[in-house]
Amino acid sequence: MEIDWHRIFFSDHPYTFFIEILIRTPLMFLAAVIILRLTGKRGVQQLSIFEMVMIITLGSAAGDSMFYEDVGLFHALAVFIIILGLYQLVVVLVARSEKAEKLLEGEPQYIIREGKLCIEEINGDELGSDEFFGELRGYSIEHLGQLRYVILEDTGKLSPFYYSDEEVKPGLPILPDEFCKKSSRIEHACLYSCARCGNTKNQEPTDSAICELCKNNEWVQAIDRKRIT
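Residues numbered from 1 in each chain as written. Predicted model: local features only at pLDDT ≥ 70, side-chain atom pairs only at ≥ 80, totals over all residues. Heavy atoms only, no water.

**Overview of the sheet that holds strand 2 (residues 116–117)**
Moving on, step 1. Within the open sheet, the four strands sit side by side as 2-1-3-4. Their pairing is antiparallel. Each edge of the open sheet is held by one strand with a lone partner, namely strand 2 and strand 4 (158–162).
Moving on, step 2. Two strands pair when backbone bridges link them, and strand 1 (residues 109–113) and strand 2 are joined in this way by two bridges, in the antiparallel orientation. Looking at strand 2, one finds that Arg113 is bridged to Lys116. (Pairing = 2+ DSSP bridges. Helix = DSSP H or I, 4+ residues; strand = E, 2+ residues; numbered from the N terminus.)

Below you can see the structure in the form of structure tokens.
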């Protein structure tokens, strides 16, 4: 079987199509920038789900029209104008209706309350402990006992609220070297934290202990260090 390298790299288009791409690309790039400026876009971490979908749609329309010869630029611009109109409509709906705001923009959600993950409100498996704890470590947090609340904003940003030094209590360590010591076996009597939800309690030596809050069976020895800012 002979491989058609010319078709793989150039398809069936003539070499002059590169000139067309040279014209299409800056025009659609400029159009996308103008549309985003008109919508007053914020930073990526401040975007709601609806706004992310809008940007992905704009990118798809712009990308297709950049190198597909059967997609006219005015067709892509029509998509841009419709998306802009829908965005303005959504902005009005969100401003006038609390239900529409919750549906389209989402709402803040408690992730941690009093040093424990809110497993009754969220699915702990969906958080992804490595990524979530990594974000917390970015705030110089060593264990969940330092946290009064953590709120997941509708923009996807985490808002942590801390205990004062006097109020810090034993909690689940989230530094990698300590968290990786989690085990289903309790070696000696001590305070342990559930590795899934952060539930902290005194445990006696045993081969297996089940967390009554999340039914997890892995535990980490709790720590109560003060937060260093």
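Moving on from the coordinates now.
**Quick look at helix 4 (residues 73–96)**
Moving on, step 1. Between its first and last C-alpha atoms helix 4 spans 35 Å; for 24 residues at 1.5 Å apiece the expected length is 34 Å, and the two agree.
Moving on, step 2. For helix 4, the complete set of buried residues consists of Ala76, Phe80, Ile83, Leu84, Tyr87, Val90 and Val94. (Expected span 1.5 Å × (residues − 1). Buried < 20%, exposed > 50% of the residue type's maximum accessible area, 1.4 Å probe, protein only.)

**Quick notes on the pairing of strand 1**
Moving on, step 1. Of the pairings in the sheet, the one linking strand 1 to strand 3 (residues 147–152) comprises four bridges and is antiparallel in character. Paired with Gln109 across the strands is Leu152, a residue of strand 3.
Moving on, step 2. Taking the residues between adjacent antiparallel strands as the criterion, strand 1 and strand 2 are bridged by two residues, where Glu114 takes a positive phi near 50°.

**So, the packing of aromatic side chains**
Moving on, step 1. The tally for this structure, following the rule as stated, stands at three aromatic pairs.
Moving on, step 2. Their ring planes at 75° and their centres at 5.5 Å tell us that Tyr110 and Tyr149 sit as a pair that is edge-to-face. On the criterion of sequence distance, the pair formed by Tyr110 in strand 1 and Tyr149 in strand 3 is long-range, its members being 39 residues apart.
Moving on, step 3. Between Phe132 and Phe133, the ring centres sit 5.8 Å apart and the planes meet at 40°, which makes this aromatic pair tilted. Comparing Phe132 with Phe133 shows no difference in burial state: the two are buried.
Moving on, step 4. If you follow Arg113 out to its NZ or CZ, it ends over the ring of Tyr110, 3.8 Å from the centre.
Moving on, step 5. Positioned above the aromatic ring of Tyr162 is the side chain of Arg227, whose terminal nitrogen or guanidinium carbon lies 3.7 Å from the ring centre. (Phe/Tyr/Trp six-rings, centres within 6.5 Å; stacked < 30°, edge-to-face > 60°. Lys NZ or Arg CZ within 6 Å of the ring centre and 35° of its normal.)

**A few points about the nonpolar core**
Moving on, step 1. Counting residues in each nonpolar core, the largest one holds 24 residues, and the members touching the most others are Ile112, Phe132, Phe133, Leu136 and Leu144.
Moving on, step 2. When residues in this core are grouped by element, the largest group, three residues, is from helix 7 (residues 129–137).
Moving on, step 3. Within the second largest apolar cluster, 14 residues are counted, among which are Met66, Ala76, Ile83 and Tyr87. (Core = buried A, V, L, I, M, F, W, Y, C linked by side-chain atoms within 4.5 Å.)

**Notes on the environment of Ala195**
Moving on, step 1. The residue Ala195 is located in the loop between strand 5 (190–194) and strand 6 (200–203) in this model.
Moving on, step 2. Owing to a relative accessible area of 10%, Ala195 belongs among the buried residues under this scheme.
Moving on, step 3. Along the primary structure Ala195 and Leu172 are separated by 23 residues, whereas in three dimensions their C-alpha atoms are 6.9 Å apart.
Moving on, step 4. If we ignore the near neighbours within four places in the chain, the residues touching Ala195 are Leu172, Phe179, Lys182, Asn216, Glu218, Trp219 and Val220. (Contact = heavy atoms within 4.5 Å.)

**Some words on the environment of Glu69**
Moving on, step 1. As for its placement among the helices and strands, Glu69 is situated in the loop between helix 3 (49–67) and helix 4.
Moving on, step 2. Given the relative accessible area of 44%, Glu69 is considered partly exposed.
Moving on, step 3. Sequence-wise, Glu69 and Thr155 are 86 residues apart; in three dimensions their C-alpha atoms are separated by 37 Å.
Moving on, step 4. Sequence-distant contacts of Glu69, that is, excluding residues within four places in its chain, are made with His13, Phe17, Glu20 and Arg24.

**A word on the pairing of strand 6**
Moving on, step 1. The pairing of strand 5 with strand 6 spans four bridges and is classified as antiparallel. Directly across from Cys190, in strand 6, lies its bridge partner Gln203.
Moving on, step 2. Counting the residues that bridge the hairpin from strand 5 to strand 6 gives five residues, and of these Gly198 lies at a positive phi of roughly 85°.

So, to be careful, I would describe these as geometric facts and stop short of saying anything about function.
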